[in-house]
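# Report on the structure
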Amino acid sequence: MPIAKVNEDGDITILKHIHFKCTGCADCCRLNNIPVTEKDVQRLLDNGIEVDQSLESLSPVLIPSTNVKGGFIKAYVLRKKPFVKECAFLDENLLCKIHSFKPLACQLYPFAVRKSDEGFIAIIHPDTVCTFIDFDVKEEESNTIEIVQNLILLLSLE
Ligand code: SF4
Ligand code: SF4
């Protein structure tokens, strides 16, 4: 679901008023396949994590694409713990062991971006497992603008 359009100058047009605050429940770290970009891999290497410690497999898997509606992309995914589905970097206190250099998908979650002709569209991740997004809010209760400003900041650092 689109929540805002952002043009190349960074102007934001809100499409959907929502409210979201991460509770740290870690459901997203337990239930998702986390796609890993080349930059993510480089960030892991730069911080002393070997690729074979971090990637699930050297065979890419299909995950839902944020750029092609209803489509899939081939991507490498973060390693899971043996015999469970949760991310190998989730600690026993539900904290991320690589928080300061985690993959971009984790930084953006439960949101993602889809490229557009003018810039990008901020969307709720098509595969979201997060149940803490409130869609039934009035404009004055919404924090869509802060969410999208944060997405712009994260993308500018990539
Ligand atoms: S599922 Fe949602 S609330 Fe829970 S940690 Fe992930 S983003 Fe935060
Ligand atoms: S890298 Fe960190 S934030 Fe991303 S899924 Fe794993 S534990 Fe969660």
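Before reading further, recall that the structure is shown in the block above.
Summary of the structure given here.

Scanning the protein from terminus to terminus reveals 5 helices and 9 strands. What you see for the protein is a C-alpha radius of gyration of 16 Å, in line with the 15 Å of a compact globule of 158 residues. Across its three principal axes, the protein shows a C-alpha extent of roughly 45 × 35 × 30 Å. In the protein, once contacts between residues fewer than 6 apart in sequence are set aside, the share between residues at least 24 apart is 63%.

Turning our eyes to something else, we now look at the sheet that holds strand β4 (residues 35-36). Read from one edge to the other, the open sheet built from 3 strands follows the order β4-β6-β5, with strand pairing classed as antiparallel. Both outer strands of the open sheet, β4 and β5 (61-64), are each paired with one neighbouring strand and no more. Note: β4 against strand β6 (residues 72-77), 2 bridges, orientation antiparallel. Paired with Val36 across the two strands is Tyr76, which belongs to β6.

Every residue close to ligand 2 is listed here: Cys29, Ile34, Leu78, Cys87, Phe89, Leu90, Cys96, Ile98, Lys102 and Cys106. In terms of residue class, the shell around ligand 2 is made up of 9 nonpolar, no polar and 1 charged.

Further remarks concern the site of ligand 1. Neighbouring ligand 1 are Cys22, Thr23, Gly24, Cys25, Ala26, Asp27, Cys28, Tyr109, Pro110, Val129, Cys130 and Phe132. By residue class, the composition of the shell around ligand 1 is 9 nonpolar, 2 polar and 1 charged.

Take the sheet that holds strand β2 (residues 12-14) next. Pairing in this open sheet of 4 strands is antiparallel, and the strands run β2-β1-β8-β7 from one edge to the other. The outermost strands of the open sheet, each flanked by one partner alone, are β2 and β7 (111-115). Between one strand and the next, the sheet's axes are offset by a mean angle of 25 degrees, whatever the strand orientation. Relative to strand β8 (residues 119-124), strand β1 (residues 2-7) runs antiparallel, the two sharing 5 bridges. Across the sheet, Lys5 pairs through a bridge with Ile121, a residue of β8. Contacts between helix α5 (residues 144-156) and the sheet are confined to β1, β2, β7 and β8, with β1 contributing the most and set at about 50 degrees to the helix.

Moving on, we get to the pairing of β1. If a strand is regular, its side chains alternate between the two faces of the sheet. In this sheet, β2 lies alongside β1 in antiparallel orientation, the contact comprising 3 bridges. When the bridges of β2 are listed, Lys5 appears paired with Thr13. Between β1 and the antiparallel strand that follows it, β2, lie 4 residues; Gly10 among them carries a positive phi value of about 85 degrees.

What counts as what
Residue numbers here run from 1 along each chain, matching the order of that chain's written sequence. Lettering of chains starts at A and numbering of ligands starts at 1, both following the order in which they are written. pLDDT decides what is reported in this predicted model: residues at 70 or higher carry local features, side-chain atom pairs at 80 or more are listed and counted, and totals for whole chains, interfaces and linings draw on all residues regardless. Numbering goes from the N terminus for both helices and strands, where a helix is a DSSP run of H or I of at least four residues and a strand is a run of E of at least two. For this measure, only C-alpha atoms enter the radius of gyration; the expected value for a globule follows 2.2 Å times N^0.38, where N is the number of residues. Here, residue contact means that the backbone-derived C-beta atoms of the two residues sit within 7 Å. Think of it this way: DSSP has to see at least two bridges between two strands before they count as a pair. Working rule for contacts: place C-beta from the backbone, and if it is within 6 Å of a molecule or strand, that residue counts as near it. As a working rule, the residues Ala, Val, Leu, Ile, Met, Phe, Trp, Tyr, Cys and Pro are called nonpolar, Asp, Glu, Lys and Arg charged, and the rest polar, with Gly in that last group. Helix axes use the C-alpha atoms of the stretch in contact, all axes being lines fitted to C-alpha atoms, and the angles between their N-to-C directions lie in the range 0 to 180 degrees.

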